[in-house]
Amino acid sequence: MASLLTLQTQPNTIDYIALTFLSLVAGTFLTRGILWDQPDPYRHLLYERPQLKHGIGTTANSRQQTRNIARRLEETNSPIVVFWGSQSGTAESFAHRLAREITLRFGQNTLTADLSDYDPASIAEIPSSKLAIFILSTYGEGDPADNTVEFWNWLNSNDRNAEKKQKQFSGLRYFAFGLGNSNYKFYNRVIDRVVKVLGEHGANALLPVSRANDATGSTQEDFISWKERLFAFFRGSLGFTQSELIYQPTISITTDDTIKPSALHRGEPRHSPNPVAIPIMGIRQLFEPISDRYCLHIDLDISSTPGVVYKTGDHLAVWPSNPDEEVKLLLHMLGRSHESEIPISIAPIEGADVEDVAKKVPSPTTLLVLLRHYLEITAQLPRDILATLAPFAPTNEAKTFLTELANSKEAYADFTRRNHLTLARVLAASSTNKQRWTSLPLTYIIETLPVLQPRYYSISSSSVVSPRKISLTVLVLSTPLPENTAMSIQGLTSTYLLTLADSPQSREHKNMTLPTYTNTLLPFTPDSSSDGRRRILAHLRRSSFKLPRLQTTPLILIAAGTGLAPFRAFIAERRQVLKIGREVGDVLLFFGCRSPEEDFIYKDELSEMEGAFGGKLRIVTAFSRYGQRSERAYVQDRVLEYKNEVREILVARRGNLYICGRAGMAREVERRVTGFLTEMEDGWSDRDAEEWVRSVKRRNKWQEDVWG
């Protein structure tokens, strides 16, 4: 009996299995958020109110400002509100320009509203006595701007859409203008969806929705045309009286020599997360010497910046400064060179929106720093801005010149085919004897020019292979004017990065006169820092453009030009997995450029990688300007040629497809893939193929990182 009891109390194999299983379950639960299912540290940025990060916007008063837009309109006695959703700053600039012009032309106090500032549900409380205007951008694959996400999610929530019969917006009268690019499949999806939902809930659209198309380069003119129709409606249907546009400042500027230099803003970017100074390890030219263009490989050292932790596929935002030549010309034309470094304080006048001022420029600072670091002075002035500039002209001749350009779309287009009209160059071109514009107020310049924005680049290094080094692949932009090829519009940030190169090869600037740049925050001399290295100001932006968790998943990578950047990182990461003896899936890379003798970037590196993968990596190239005309091809043409391999990887083997490059290329790739999916033996219809593509996109097995 004792032996029987002993046998019964000894654990058997099933007990061990059960204990092991329970231990694994407990361990999995306890390590959640530590080893797996870690929260995205940047998720809060989707819902953050970015305007509360800077200056006056962080005061107690601003934190107490109502989140109810209807209440805010009553508090400010504003009959009109302009909502904006902006990713690059264009929609925001349009909103402020429009609100200011409505106030000045029609005497209707108009409020601008960042959608992230207000509770979305409070928009439904706006009474019919008020007017709402929506200016919303669409970027990427039909995505809303970051500051529109909360409103977008609320608008599309199932709970709210289930209540359509309640006519939630029955009192809302509104106008709508969207910004998008027809090269993308979901052109202006955001504004179209907003208008659809508002209509379903009883809102009254006073004019049909209008759209700007960046693909045709007509965004500014599209906005001006819509604004003219809007103002015509104000006059004809609403009975508003339009008066002559007379400038009235909303801010005041005072000089104060007593402000200590340590108290001045010196060019710190106003952004969250805060940009940091990152040392440059090296810059080299990727294009061959015969090319008349430049493409830079830049290595950055983040070993001394512990707060910068990137993941493969992320983006790096680089903050430029404006070229010295443009800054000096503008100061000279304003007749203010002698006062450029005098401390100034900027404050809103009574009745102006405090947060609008606080978000745009810092105070106290200097005029030199404002023009160098905070205002976009190299952008071309829109036609309607010339009309507001004309009253300050130093001569009748200059005033007539600006008025004629402002009033004629054709004259403006003709002139800009030969001239790049930055503010400084407009002032110079309109004054034949180079008279100074001493009557042009600084307040006008601050209120009119957009804010300087960072430029985003896909990181071309792997965080697994190089966790403390970030690599960028940067095409230096230089676009000749259509009827004056001796003059080019140079990319602000890419040219700035080119001037930081030390190598003689990168300094052989063929057919380019490079500007100079002075960064007030990062002055460089060989003794300016302990390591003597140049630095850039930058911050990370998280991306969803990621490798699959399973390294055995086969991949199709499609890139043109610098779209190769993230795929260089993807391939390097998979090679690292191979090095430790683990299995990886096949990789089929399609890469397109002009010529193998000119701009085939990372050619030797890719060839070495192809050999190291032992047949797991296959590279298919497309050259658009090389060889016989019949041999020339774009990357989408090669995808079609290899349709059997692509179809097998995507459908039979359930692989992932990634596209990086211009939006037009991505659209053509999708069109071709959708087309040859219908040729399968299963007999897919066009509708079947389109639904299949949509389904793999929803599951992130088809991802795109595209632009333009």
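As the structure is a prediction and not an experimental result, all values here were calculated from the model.

Caption draft 1: Main features of the overall build of the protein. On a plain count of helices and strands, the protein comes out with 24 helices and 23 strands. Burial statistics for the protein: of 708 residues in total, 50% are counted as buried. Long-range pairs, those at least 24 residues apart, make up 78% of the contacts in the protein between residues at least 6 apart in sequence. A total of about 33200 Å² of accessible surface is found on the protein, and carbon and sulfur atoms cover 51% of it.

Caption draft 2: Region of the structure containing the pairing of strand 18 (residues 535-541). The buried fraction of strand 18 is high, at five of seven residues. Where strand 9 (residues 276-285) lies against strand 18, four bridges are found, and the strand directions are antiparallel. The partner of I278 across the bridge, within strand 18, is I536.

Caption draft 3: The arrangement of helix 19 (residues 565-579) in detail. When the terminal C-alpha atoms of helix 19 are compared, their 22 Å separation across 15 residues agrees well with the 21 Å that a helix rising 1.5 Å per residue should span. Of all the 15 residues making up helix 19, 12 are buried; the element is thus mostly covered by neighbouring parts of the structure. Taken together, the buried positions of helix 19 are A565, P566, F567, R568, A569, F570, I571, A572, E573, R574, R575 and V577.

Caption draft 4: Fine view of the sheet that holds strand 18. With antiparallel pairing, six strands are arranged side by side in an open sheet as 14-11-18-9-10-15. Since the sheet does not close on itself, it has two edges, and those belong to strand 14 (455-458) and strand 15 (469-476), each with one partner. The sheet shows a mean angle of 40° between the axes of neighbouring strands, taken without regard to direction.

Caption draft 5: Main features of the packing of aromatic side chains. Within this structure, the stated rule accounts for 31 aromatic pairs. On the numbers, 5.4 Å between centres and 85° between planes, the contact of F106 with F234 is edge-to-face. Taken as a pair, F106 in helix 5 (residues 90-106) and F234 in helix 9 (residues 219-236) lie far apart in primary sequence, 128 residues in all. With a relative accessible area of 7%, F106 lands in the buried category. With centroids separated by 5.3 Å and ring planes inclined at 75°, the aromatic side chains of F570 and Y658 adopt a geometry described as edge-to-face.

Caption draft 6: Looking closely at the pattern of salt bridges. The tally for this structure, following the rule as stated, stands at 41 salt bridges. Salt-bridge contacts for D384 lead to K227; the nearest nitrogen and oxygen are separated by 2.7 Å. Within this pair, whereas D384 is found in helix 13 (residues 383-389), its partner K227 is found in helix 9, the two being separated by 157 residues in sequence. There is no split in this pair, since D384 and K227 are both buried. Ionic pairing is found between D599 and R293, a salt bridge with its closest N-O pair at 2.9 Å. Of the two residues, D599 is situated in the loop between strand 20 (587-593) and helix 20 (603-612) and R293 in the loop between strand 9 and strand 10 (294-301); the sequence distance between them amounts to 306 residues. If you follow the salt bridges from partner to partner, you end up with R97, E101, R105, K227 and D384 in one network.

Caption draft 7: Representation of the environment of P480. Checked against the element boundaries, P480 lands in strand 16 (residues 478-481). Considering only alpha carbons, one finds P480 and R417, 63 residues apart in sequence, at a separation of 9.6 Å. Contacts of P480, omitting those with residues within four sequence positions, involve T485, M487 and S488.

Caption draft 8: Main features of helix 12 (residues 367-374). Counting buried positions along helix 12 gives eight out of eight residues, so the element sits mostly inside the fold. Along helix 12, the residues that are buried comprise L367, L368, V369, L370, L371, R372, H373 and Y374.

Caption draft 9: Highlighting the packing of helix 10 (residues 324-334) against helix 12. It is the contact of helix 10 with helix 12, at a shortest axis distance of 10 Å, that shows an interaxial angle of 135°. When the interaxial angle is binned, helix 10 and helix 12 end up oblique. At the point where helix 10 passes helix 12, the crossing takes the right-handed sense. Of the residues in helix 12, those in contact with D324, V327, L330 and L331 of helix 10 are L367, L368, L371 and R372. Residues belonging to the contact of helix 10 with helix 12 are distributed by class as follows: six nonpolar, no polar and two charged.

Caption draft 10: The arrangement of the nonpolar core in detail. Counting 43 residues, the largest nonpolar core has L389, L427, W437, L440 and I445 as the members making the most contacts within it. Those elements that provide at least two residues to this core are helix 10, strand 12 (343-348), helix 12, helix 13, helix 14 (396-407), helix 15 (409-416), helix 16 (423-429) and helix 17 (442-448). With six residues, helix 12 is the single largest residue contributor to this core. When neighbours within four sequence positions are excluded, L427 is seen to be in contact with L330, M333, L334, L389, W437 and L440. In terms of nonpolar packing, the next biggest core, distinct from the first, is built from 30 residues, V308, Y310, L316 and V318 among them.

Caption draft 11: Up close: the confidence of the model for the protein. Averaged over the protein, the pLDDT score is 87; the fraction of residues at 70 or greater is 86%. Across residues 32-64, confidence stays below pLDDT 50; counting only partners more than four residues off in sequence or on other chains, it has 49 contacts. In the model, residues 504-508 has pLDDT below 50 throughout and makes 16 contacts with residues more than four positions away in sequence or in other chains.

Caption draft 12: Spatial organisation of the environment of F623. By the secondary structure assignment, F623 is in strand 21 (residues 617-623). Between the C-alpha atoms of F623 and R638, which are 15 residues apart in sequence, the distance is 9.9 Å. Beyond its immediate stretch of four places on either side in the chain, F623 contacts C593, R594, S595, P596, F600, E631, R632 and A633.

Cut-off values and rules
Residues numbered from 1 in each chain as written. Predicted model: local features only at pLDDT ≥ 70, side-chain atom pairs only at ≥ 80, totals over all residues. Heavy atoms only, no water. Helix = DSSP H or I, 4+ residues; strand = E, 2+ residues; numbered from the N terminus. Buried < 20%, exposed > 50% of the residue type's maximum accessible area, 1.4 Å probe, protein only. Contact = heavy atoms within 4.5 Å. Areas by Shrake-Rupley, 256 points an atom, 1.4 Å probe, with all protein chains shown as cover. Pairing = 2+ DSSP bridges. Expected span 1.5 Å × (residues − 1). Axes fitted to C-alpha atoms, helices over the stretch in contact; angles between N-to-C directions. Phe/Tyr/Trp six-rings, centres within 6.5 Å; stacked < 30°, edge-to-face > 60°. Salt bridge = Lys/Arg side-chain N within 4 Å of Asp/Glu carboxyl O. Parallel < 35°, antiparallel > 145°, perpendicular 65-115°, else oblique. Left-handed = near helix turned anticlockwise from the far one by under 90°. Nonpolar A, V, L, I, M, F, W, Y, C, P; charged D, E, K, R; others polar. Core = buried A, V, L, I, M, F, W, Y, C linked by side-chain atoms within 4.5 Å. pLDDT = per-residue confidence, 0-100.

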